[in-house]
Each structure stands twice: as C-alpha cells, then as structure tokens.
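Spelled out, the chains give:
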Amino acid sequence: MNSLIKILVPALAMAACTNPVSQTQTQTAPDENEFYLLLGSYNTPDQETIQLYSFNQENGSFSKVSGTKGVANPTFLCTNADETVVYSVGEYDEPEKANMNALHFNKENGTLELFSTKSNNAGAPCNIILNPEGDYLLCANYWGGSMTYYPLAEDGSLQNPSEIKYEGSGPHANQTQPHAHAVNFTPDNKYVLVNDLGLDCIHVYPLNQRTAHDSIPFFDEQKGYDVHVDKGAGPRHLCWAPSGKFAYVISELSGQIFTLSYENEKLEVVSSLVADTIQGGGSADIHITKDGKFLYASHRLKGDGISIFSVNEATGELTRVAYQLTGIHPRNFALTPNDKYLLVACRDTNEVQVFERNPESGILTDTGTKIEMTKPMFVKFLSR
C-alpha cells in the first residue's frame with residue numbers, strides 16, 4: 001500500500017500542475033473579425049444619440065454594446081489615432097447652439113463618456129477630422145460657410161476655436177452663400193482640403209512642418225488657393241484612391257463625381273461623370289475599396305441608393321457597374337475593414353442597412369438585416 005501511495009501522490013501533483021496550462025491553451029483567442037461599429041444620429045441629448053455595436057466583418061452578425069446620451073445631433077464623428085477619444089459635432093443650424101464634443105472611449109467595456117464641449121460659433125458643423133499631428137480638430141460648417149479649428153490639450157480636450165470664413169455664392173438656388181462641407185488631407189499630409197459646396201471649389205492650404213503642441217501654426221492660410229469644379233456642381237465629400245494618385249469628389253447638386261489627379265503636390269480636375277442619373281440633387285457620400293477597384297457613392301431625394309463604379313487604377317477612370325436601391329435618405333455609409341459588407345445609414349427609414357459586397361463584380365446584395373435607430377446619420381468602424 002505504501003508503495004502505491006508513493007507512486008500516486010507524485011502523479012496527482014504533476015497532473016495538478018499541468019492542468020492550468022491545459023486550460024490556458026484552450027482559451028478562445030480574440031476574434032480578429034470583431035470590430036466596434038460607431039453610429040451617430042439626429043436626435044435630442046436625452047436619447048441615445050451615439051450607439052456602439054459589435055460587428056463581425058466575416059459573417060455580418062452584430063449586437064449592441066452601449067448607448068450614449070448627452071450629445072445632441074452627433075451627425076459626424078472621428079477619433080484620435082489610438083481611438084481613446086471620440087470627437088463629435090453637435091449639428092445645429094443656429095451658431096449659438098452648434099457645438100463640438102469630446103468623449104473618452106473605454107474599449108474594455110465599450111462605453112463613451114463626455115468630458116469636453118465647446119461652442120462652434122458657426123452654424124451646421126457637418127464634418128470633422130484631426131490634423132496629422134493630432135493636436136487640432138478641424139470642422140467644416142455648412143451654414144457657417146467656414147472652417148473652424150480647435151487646438152487640443154494634451155488630454156484631448158477642446159480649446160477655443162479659430163475660424164476661416166469664406167465669401168461668395170454660386171449659380172444654383174442652394175448656393176446663396178459658401179457651404180463648407182468636408183475637410184480632408186492629402187495622402188502625403190502636405191495640404192489640408194476644404195470642400196465648399198456653395199462656391200464650387202476646394203480650398204487648399206499647405207501644412208507647416210511642426211511637432212504636436214508647438215507654437216507654429218499647423219497650416220499657412222496666406223498660401224492657400226482654390227481648385228474649381230463645374231459651376232453649380234456643389235462638391236460635398238471626397239475620398240482618396242489607395243495609390244494616393246487620385247481623389248474622387250461627389251457633388252451634391254449636380255450628382256457628378258470629379259476625378260482629381262495629385263502629382264508633384266499639384267491637385268487638378270482631370271475628368272467627371274454623372275453618378276446621379278435621376279438628378280435628385282442630393283448626392284452625399286463617397287468611398288473606395290482598399291484594393292482600389294470599386295467606388296461607391298450615395299444619393300438621396302429621388303431613387304435613393306448607392307451607385308457602383310469600377311476603377312481603372314492606372315488612369316483613375318470610372319466605369320458604371322450598377323445601382324443599388326436603399327432605404328430613404330442614405331447619407332453616410334462605410335465599408336467593413338475587409339470590404340465584405342457595406343453599411344448605410346438611412347435617416348428617414350430609421351435604419352442602418354447591411355449589404356454584402358461581391359469582391360469580383362462590386363455589386364451589393366441586401367442581406368435583409370438592419371440595425372434600427374432613430375435618424376441614423378453616421379457609420380464608422382473601430383478596432384476592438
């Protein structure tokens with residue numbers, strides 16, 4: 001008996017020591033296909049105007065993680081580089097109501113907490129982006145006809161903004177004044193671009209060489225110039241081809257997509273085509289796939305949907321592929337990081353529709369699944 005005990009005790013001890021290792025080895029690894037899906041909307045601050053979902057980019061499944069109150073009309077959002085801070089417009093037409101907001105983003109539990117708010121001093125802030133150094137937040141103001149830019153403190157909080165106001169008008173009835181609608185940077189981070197729907201141009205400003213939070217202005221307003229598109233077009237949003245050689249601008253009023261070349265730091269229009277063949281006068285958003293082969297643009301007011309184009313990567317030329325109908329008033333949309341799904345915010349049918357994308361043809365198929373939300377306006381994917 002004693003001999004048997006001497007044999008069993010060491011064996012049991014060894015089993016006890018090795019068991020935790022076995023459990024660790026069988027733990028489920030994080031799913032690389034799971035992303036956060038950030039949604040913004042038109043709604044009052046007593047509602048969950050910002051919502052966060054978990055979205056699987058491989059099978060299209062999703063589940064709600066959290067909802068955030070306290071921010072009115074967060075119709076466009078962006079993040080800092082490490083996605084620890086989310087910035088949101090507070091889109092009111094009235095300058096005295098319009099504001100900008102900063103929220104801490106806790107990725108561990110999927111919550112956002114408002115920690116900084118500043119008045120925008122200009123009506124209808126509608127598009128925001130951070131500068132390359134991450135110490136300024138830039139905002140295009142539709143009714144303000146201007147660009148505001150906020151210095152950011154080390155913790156990401158908003159400081160008092162400055163403003164560049166534009167002057168003039170265009171030939172269309174909706175161009176009685178300037179309407180800044182988007183802010184972008186060139187791929188080499190040498191210029192900031194402001195799309196002006198009211199003046200049919202893109203305002204271009206060179207960036208200064210600097211480090212974050214130093215005293216050098218981040219751009220040179222005095223050396224700014226304009227790149228013009230067709231009169232009455234109303235340039236709205238812009239996206240860059242992955243090569244950085246071409247930019248595509250969707251025009252709200254004419255429904256045209258302008259192709260711009262970018263070479264030797266020179267931006268110029270090289271071609272255009274009409275994407276909104278129904279002429280609804282409400283073209284909105286534009287995105288290109290990561291492989292640069294397909295381009296998508298949203299259109300509202302008539303025959304609401306997404307136009308689909310193939311892209312000649314060498315010349316930038318677009319070829320019409322198809323048109324996908326959507327819910328009513330599709331404004332902003334986004335492709336999943338792997339480009340397998342396209343999600344579009346349909347404001348007036350209170351839903352975010354999920355479309356699956358054919359990588360060979362570019363054609364979209366309605367999955368029939370949707371995220372219900374009151375007046376969704378914005379869609380963005382964040383890492384988990």
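Shown above is the structure to which this text applies.
Residues numbered from 1 in each chain as written. Predicted model: local features only at pLDDT ≥ 70, side-chain atom pairs only at ≥ 80, totals over all residues. Heavy atoms only, no water.

*Asks:* Is there a simple way to explain unusual backbone geometry in this structure?
*Replies:* With the exception of glycine, most residues fall at negative phi, and the peptide bonds are largely trans. The phi angle at Asn 121 is positive, at roughly 65 degrees, despite the residue not being glycine. As for its position among the elements, Asn 121 is in the loop between strand S7 (111-119) and strand S8 (125-130). Judged by its relative accessible area of 48%, Asn 121 is partly exposed. Look at Leu 301: it is not a glycine, yet its phi comes out positive at around 80 degrees. Secondary-structure assignment places Leu 301 in the loop between strand S21 (294-300) and strand S22 (305-311). (Helix = DSSP H or I, 4+ residues; strand = E, 2+ residues; numbered from the N terminus. Buried < 20%, exposed > 50% of the residue type's maximum accessible area, 1.4 Å probe, protein only.)

*Asks:* Explain the nonpolar core here, please?
*Replies:* Most often, soluble globular proteins have nonpolar side chains that are buried together. Counting residues in each nonpolar core, the largest one holds 26 residues, and the members touching the most others are Leu 38, Tyr 87, Met 100, Ile 128, Leu 137 and Leu 158. Among residues more than four places away in sequence, those in contact with Tyr 87 are Phe 76, Leu 77, Cys 78, Asn 80, Asn 101, Ala 102, Ile 128, Leu 130, Leu 137, Leu 152, Gly 156 and Leu 158. If you look at the next biggest cluster of nonpolar residues, it comprises 18 residues, including Tyr 136, Met 147, Ala 180 and Tyr 205. (Core = buried A, V, L, I, M, F, W, Y, C linked by side-chain atoms within 4.5 Å. Contact = heavy atoms within 4.5 Å.)

*Asks:* Is there a simple way to think about the environment of Asp 291 in this case?
*Replies:* Mapping Asp 291 onto the fold places it in the loop between strand S20 (282-288) and S21. Taking the relative accessible area as the measure of exposure, Asp 291 reaches 33% and is therefore partly exposed. C-alpha of Asp 291 to C-alpha of Asn 338: the two residues are 47 residues apart in sequence and 10.0 Å apart in space. Those residues in contact with Asp 291 that sit more than four places away from it in its chain are Pro 242, Glu 313 and Asp 339. Among the polar contacts listed, one links the side chain of Asp 291 to the side chain of Thr 289, at a separation of 2.7 Å. A distance of 3.0 Å separates the side chain of Asp 291 from the backbone nitrogen of Lys 293, its partner in a polar contact. (Polar contact = N/O pair within 3.5 Å; in protein donor to acceptor, adjacent residues only side chain to side chain.)

*Asks:* Can you walk me through the pattern of salt bridges in this structure?
*Replies:* It is possible for side chains bearing opposite charge to pair when their charged atoms get close. In this structure the tally under the stated criterion is 13 salt bridges. Its salt-bridge partner being Lys 340, residue Glu 58 comes within 3.2 Å of it at the nearest N-O pair. Highlighted residues: Glu 58 in the loop between strand S2 (50-56) and strand S3 (62-68) and Lys 340 in the loop between strand S24 (330-335) and strand S25 (341-346), separated in sequence by 282 residues. Owing to a relative accessible area of 40%, Glu 58 belongs among the partly exposed residues under this scheme. A relative accessible area of 22% places Lys 340 in the partly exposed class. (Salt bridge = Lys/Arg side-chain N within 4 Å of Asp/Glu carboxyl O.)

*Asks:* Mind showing me how you'd approach the pairing of strand S6 (residues 99-106) here?
*Replies:* On a regular strand, each side chain points to the face opposite its neighbour's, so the side chains alternate between the two faces of the sheet. With six of its eight residues buried, S6 lies for the most part within the structure. Pairing of strand S5 (residues 85-90) with S6 involves six bridges; the strand directions are antiparallel. Considered in S6, the bridge of Val 86 is made with Leu 103. Pairing of S6 with S7 involves eight bridges; the strand directions are antiparallel. (Pairing = 2+ DSSP bridges.)

*Asks:* Any chance you could explain the sheet that holds strand S14 (residues 201-206) here in plain terms?
*Replies:* Two pairing modes exist for strands in a sheet, parallel and antiparallel, and in both the strands are linked by backbone hydrogen bonds. If you walk across this open sheet you meet the four strands as S12-S13-S14-S15, and the pairing is antiparallel. Taken across any chain shown, the strands that pair with only one partner, and hence form the sheet edges, are strand S12 (180-185) and strand S15 (225-228). For this sheet, the mean angle separating the axes of adjacent strands, direction not counted, is 25 degrees. Where S14 meets S15, four bridges bridge the pair, whose relative direction is antiparallel. Residue pairing in the sheet places Cys 201 in a bridge with His 228 of S15. (Axes fitted to C-alpha atoms, helices over the stretch in contact; angles between N-to-C directions.)

*Asks:* What should I look at first to understand the side chain of Thr 75 in this one?
*Replies:* Mapped onto the fold, Thr 75 is located in the loop between S3 and strand S4 (77-79). Look at Thr 75 and you get buried, because its relative accessible area is 0%. Within the structure, the side chain of Thr 75 is placed 2.3 Å from the side chain of Glu 91, a separation counted as a polar contact. In this view, Thr 75 contacts Ser 41, Tyr 42, Val 89, Glu 91, Pro 125, Arg 331, Met 377 and Phe 378; residues no more than four positions away in its chain are not counted.

*Asks:* Where do I start with the environment of Ala 153 in this structure?
*Replies:* Relative to the assigned elements, Ala 153 resides in the loop between strand S10 (146-151) and strand S11 (162-165). Expressed as a C-alpha distance, the spacing of Ala 153 and His 213, which sit 60 residues apart in the sequence, is 8.0 Å. For Ala 153, the residues in contact, after removing those within four places along its chain, are Gln 159 and His 213.

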